[in-house]
Amino acid sequence: MENCYLGIDVGSVSTNVVLMNDQNKILGKVYTATQGKPIDAVKRGLKEISGQIKGDIQVKGVATTGSGRHLASMIVGADVVKNEITAHGIAALNFVKGVRTIFEIGGQDSKIILLKDGIISDFAMNTVCAAGTGSFLDRQAARLGIDISEFGQQALTSKNPVRVAGRCAVFAESDMIHKQQLGHNQEDIIKGLCDALVRNFLNNLGKGKDLAGPIVFQGGVAANAGIKKSFEEALNQEIFVPPHHEVMGAIGCCLLAKEHAAKKNNTNFQGFEIMNSGYEVRGMECEDCSNLCEVVEIIRDGILMSRWGDKCGKWSNQVKSDVEKLA
Amino acid sequence: MSVKIGIPRGLWFYDYFPLWKTFYEELGAEIIFSDKTNKQILDQGVKNCVDEACLPVKLFHGHVINLKDKVDYIFVPKMMSVYKDEYICPKFCGLPEMVNHSIKGLPPLIDTEINFSKSRKSLMITAYRFGSYVTKNPIKIRRAFNNALMAYRKYREDVKDGKLPIDGEFSPKKPSVVANNSKSIAVVGHTYHLYDSYGSMSILQKLRDSKVSVIVPEMMNMNKINKLASTLEKKMFWSYGRKLLGAALHFGESREIDGIIYISSFGCGIDSIVEDLFERWSRSHSIPFLLLTIDEHTGEAGINTRLEAFLDMIDWRVNHESDLSPHG
């Protein structure tokens, strides 16, 4: 029987599940679209990963991260619930020795994490604007009628990139349309867009920071060779994309779960059987005060599991649950 | 029948409410505060305010609407300048006009101008103008104003002592059991961000729940801050900004805190400069710095993630310094 650790990263666009053994070897990984249904995505992820497992394993610890970490934790019974920044930092440190800077671009978030002597020394996340993240690229690819997986390769063929405004996604889009109407080549526009996103990222998040190498680029957008190239051109140094770049958050979770298991030898994991349970979500607006909180109830197989969303705690406190403090 | 005066729970409220409340109550008026910020106030504020204003100004409009049908007067002074050669944000200067033209059917506003940019000689005249809405008796007004000043000083002392006026009500004093090794984090920003728990998504409470001892600029020695702020190359003439920059210099010098969280609202003109300077100075002293920008968001996930990661990072640093790295 092999000891294993499960890491789950529920992001805005993708839900990633990774199973890792004691030697930090990845036994299985799943990258599946969240599609606005995090519960289904987690169940699907568990189903797929259990299909990938060969041999006899025992899950010794589970950790969740991502914007849906609390929800996922409630469903699978996680031992550790961690923010994405810490999870990504830990993963990069364990897979790329001596990493100093991490770029992470996901579906709605982009972040920069600086490390010094093997610990996180600084980080920044995009603020109120999500311009230049994965979901924006998805949209533009769809508008150009090409598959997102070809997007990066097309950019690499560009010989004469056009300039696209990168400050704001809405402006970028209108600028792009304008350049299309002028008759520019598609690959030049795509490369221009990659350059614009990189420019925006470095100005916004990298402002005033010392971006020392080695630089690791991870998250779903790291699959985009065009963006990687634009980063390399802008910073004039090699950008390293780790082999499991798209699931680094989940890998960080596995490492956190392993650390937890080393200290405490029991897990809250509910078992893979939960993927067969029926989950139901009910929402309501509490009208007891003028805050009109949007309260959400999670029901598993007819049993109320958790509630959250109320500011006063009236509803969530009624349910005895590990996940009272929900975002 | 006493005169009913409504004070909106927004903007300068957290700086001065004990002063004004005491003043008018001493004169025999009845004071009504608007409700604590809630969703309805936010919605109403956003709907009834010019589009490009910052969140706190929008919230203020919501608070005015909340008071509209309950009072005889609404207190919206025209705050031009409180200290010599210093100003407050332009939105404060034009607040009575903004409110009056954005919201229909308001009771009369108490919109007396406060302007001490030249000197404070006009202080008593200003107080008299404010008082004249209730009484014309100058002796009564003078006495009320002196009592109000006492209440105000007491309030400032209390805050300095560690009581946080969250939503205008004192939270219990510092958590009684603060572990010895707890982190102390400075939370800086304009008072109307820090203490409005709805607008700031309860950041102060969240930090206290995580056993962090919170330091706000109001807890610090103002003389010292003023002195440090006067060392700046050029005079910072925005009062809020000056206080923050002085605090930044102090933190860099004293090194008694483990991290700084700056709360700013989206679109704040003053913060665009002050925040950036603050960040640069903190970094040059290698003090961990986190900027939280607030706007109309009600999803707390983003704020929570950043807070958690920030606290993790500080823990990690502290542990690392004592060579007890918990990670590989």
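Quick caveat, the model's predicted, so the values are computed rather than measured.

Caption draft 1: The overall build of chain A, seen in detail. On a plain count of helices and strands, chain A comes out with nine helices and 13 strands. Over its C-alpha atoms, taken along the principal directions, chain A stretches across nearly 60 × 50 × 35 Å. Counting the 327 residues in chain A, one finds 48% classified as buried. For chain A, the proportion of contacts with a sequence separation of at least 24, taken over those separated by at least 6, is 63%.

Caption draft 2: The overall build of chain B, seen in detail. Counting its secondary structure elements, chain B contains 13 helices and 12 strands. Since a compact globule built from 328 residues should have a radius of gyration of about 20 Å, the 21 Å found for chain B is in line with a globular shape. By sequence separation, contacts in chain B at least 24 residues apart represent 72% of the contacts at least 6 residues apart.

Caption draft 3: Region of the structure containing the sheet that holds strand β3 (residues 73-75) of chain B. All names here are of chain B. An order of β2-β1-β3-β5 is seen for the four strands of this open sheet, with the pairing classed as parallel. Only two strands of the sheet have a single neighbouring strand rather than two, namely β2 (30-33) and β5 (109-110). Inspection of the sheet shows strand β1 (residues 4-7) paired to β3 by two bridges, in the parallel sense. Bridge pairing links I5 to Y73 in β3. Most of the contacts of helix α1 (residues 13-26) go to β1, to which it runs at about 175°, and overall it touches β1, β2 and β3.

Caption draft 4: Up close: the confidence of the model for chain B. The pLDDT averaged across chain B works out to 83; a share of 93% of its residues lies at or above 70. Reported confidence for the predicted complex is 0.71 by ipTM and 0.79 by pTM.

Caption draft 5: Expanded view of the domain arrangement of chain B. All names here are of chain B. For chain B, the assigned domains read domain 1 (4-159) and domain 2 (164-321). Of note, the centres of domain 1 and domain 2, computed from C-alpha atoms alone, are 26 Å apart. At the level of secondary structure, the elements contributing two or more residues to the side of domain 1 that touches domain 2 comprise α1, α3 (55-67) and α7 (138-160). When residues of the side of domain 1 that touches domain 2 are assigned to their parent elements, the largest contribution, four residues, is made by α1.

Caption draft 6: How the structure looks around the sheet that holds strand β12 (residues 294-300) of chain A. All names here are of chain A. Within the open sheet, the three strands sit side by side as β11-β12-β13. Their pairing is antiparallel. Here the strands that pair on one side only, and so sit at the sheet edges, are β11 (279-285) and β13 (303-308). For this sheet, the mean inter-axis angle between neighbouring strands, taken without regard to orientation, is 25°. In this sheet, β13 lies alongside β12 in antiparallel orientation, the contact comprising five bridges. When the sheet's bridge partners are listed, E297 is paired in β13 with R307.

Caption draft 7: Expanded view of the domain arrangement of chain A. Segmenting chain A into domains produces domain 1 (2-88 + 249-276), domain 2 (97-241) and domain 3 (279-318). For domain 2 of chain A versus domain 3 of chain A, the separation of C-alpha centres amounts to 38 Å.

Caption draft 8: Representation of the packing of helix α2 (residues 39-47) of chain B against α3 of chain B within the structure. All names here are of chain B. Relative orientation of the contacting elements α2 and α3 amounts to 110°, with a least axis distance of 7 Å. Here α2 is positioned roughly perpendicular relative to α3, judged by the angle of their axes. Here α2 contributes I41, L42, Q44, G45 and V46 to the contact with α3, which in turn contributes K58, L59, F60, H61, G62, H63, I65 and N66. Residues that form the contact of α2 with α3 fall into these classes: six nonpolar, six polar and one charged.

Caption draft 9: Structural detail: helix α1 (residues 38-52) of chain A. The end-to-end C-alpha distance of α1 of chain A, which contains 15 residues, comes to 21 Å, matching closely the 21 Å that a straight helix rising 1.5 Å per residue would cover. Taken together, the buried positions of α1 of chain A are occupied by P38, I39, A41, V42, K43, G45, L46 and I49 of chain A.

Caption draft 10: Expanded view of helix α5 (residues 95-102) of chain B. Residues and elements named next belong to chain B. Residues L95, M98 and V99 constitute the buried set of α5. Taken down its axis, α5 places every buried residue within 95° of arc, on the same side. In this fold, the buried residues of α5 make contact with α3, β4 (78-81), α4 (90-93) and β5.

Caption draft 11: Layout of the environment of N94 of chain A. All names here are of chain A. Along the chain, the position of N94 falls in helix α3 (residues 84-95). A residue is classified by how many C-beta atoms lie within 10 Å of it, and N94, with 17 of them, is partly exposed. C-alpha of N94 to C-alpha of L19: the two residues are 75 residues apart in sequence and 16 Å apart in space.

Caption draft 12: Just the interface of chain B and chain A, in detail. In this complex, chain B contributes 24 residues to the contact, which on the side of chain A involves 20 residues. In terms of residues, the side of chain B that touches chain A owes the most to one element, helix α13 (residues 301-321) of chain B, which gives 11 residues. Its residues assigned to classes, the side of chain B that touches chain A comprises six nonpolar, eight polar and 10 charged.

Caption draft 13: Summary view of the pairing of strand β12 (residues 289-294) of chain B. Residues and elements named next belong to chain B. Of all the six residues making up β12, five are buried; the element is thus mostly covered by neighbouring parts of the structure. Pairing of strand β11 (residues 259-265) with β12 involves six bridges; the strand directions are parallel. What sits directly across from S265, in β12, is I294. On the question of chirality, the crossover connecting β11 to the parallel β12 by way of helix α12 (residues 269-284) is right-handed.

Caption draft 14: Highlighting the nonpolar core. If you look at the biggest cluster of nonpolar residues, it comprises 170 residues, and the most contacted ones within it are C254 and A257 of chain A together with V187 of chain B. At nine residues, the largest contribution of residues to this core is made by helix α9 (residues 248-263) of chain A.

Caption draft 15: Examining unusual backbone geometry more closely. Cis peptide bonds are those with omega within 30 degrees of zero, and the linkage from G213 of chain A to P214 of chain A qualifies with -5°. For P214 of chain A, the location among the structural elements is in the loop between α7 (186-204) and β9 (215-218). Unlike most non-glycine residues, Q35 of chain A shows phi in positive territory, near 50°. Mapped onto the elements, Q35 of chain A comes out in the loop between β3 (26-33) and α1. When the 12 C-beta atoms within 10 Å are taken as the criterion, Q35 of chain A is described as exposed. With a phi close to 50°, M201 of chain B is a non-glycine residue in the positive phi region. Tracing the backbone shows M201 of chain B in the loop between α8 (191-194) and α9 (203-209). Looking at M201 of chain B, the number of C-beta atoms within 10 Å reads 22, which means it is buried.

Caption draft 16: Summary view of the confidence of the model for chain A. Residues and elements named next belong to chain A. Mean pLDDT over chain A: 84, with 95% of residues reaching 70 or higher. Across chain A, element-level confidence peaks in β9 with a mean pLDDT of 92 and bottoms out in β13 with 77. Contacts from residues 321-327, a stretch scored under 50 in pLDDT, to residues over four places away or in other chains number 14 contacts.

Caption draft 17: Spatial organisation of the pairing of β2 of chain B. As defined by bridge partners, β1 of chain B adjoins β2 of chain B across four bridges and the pair is classed as parallel. By the bridge assignment, I7 of chain B is partnered in β2 of chain B with F33 of chain B.

Conventions used here
Residues numbered from 1 in each chain as written. Chains lettered and ligands numbered in written order. Predicted model: local features only at pLDDT ≥ 70, side-chain atom pairs only at ≥ 80, totals over all residues. Helix = DSSP H or I, 4+ residues; strand = E, 2+ residues; numbered from the N terminus. Buried ≥ 20, exposed ≤ 12 C-beta atoms within 10 Å, placed from the backbone. Contact = placed C-beta atoms within 7 Å. Rg over C-alpha atoms; globule rule 2.2 N^0.38 Å. Pairing = 2+ DSSP bridges. Axes fitted to C-alpha atoms, helices over the stretch in contact; angles between N-to-C directions. pLDDT = per-residue confidence, 0-100. Domains from an automatic or database assignment. Parallel < 35°, antiparallel > 145°, perpendicular 65-115°, else oblique. Nonpolar A, V, L, I, M, F, W, Y, C, P; charged D, E, K, R; others polar. Expected span 1.5 Å × (residues − 1). Arc of directions from axis to C-beta. Right-handed = clockwise from strand over helix to strand, strands pointing away. Core = buried A, V, L, I, M, F, W, Y, C linked by C-beta atoms within 7 Å.

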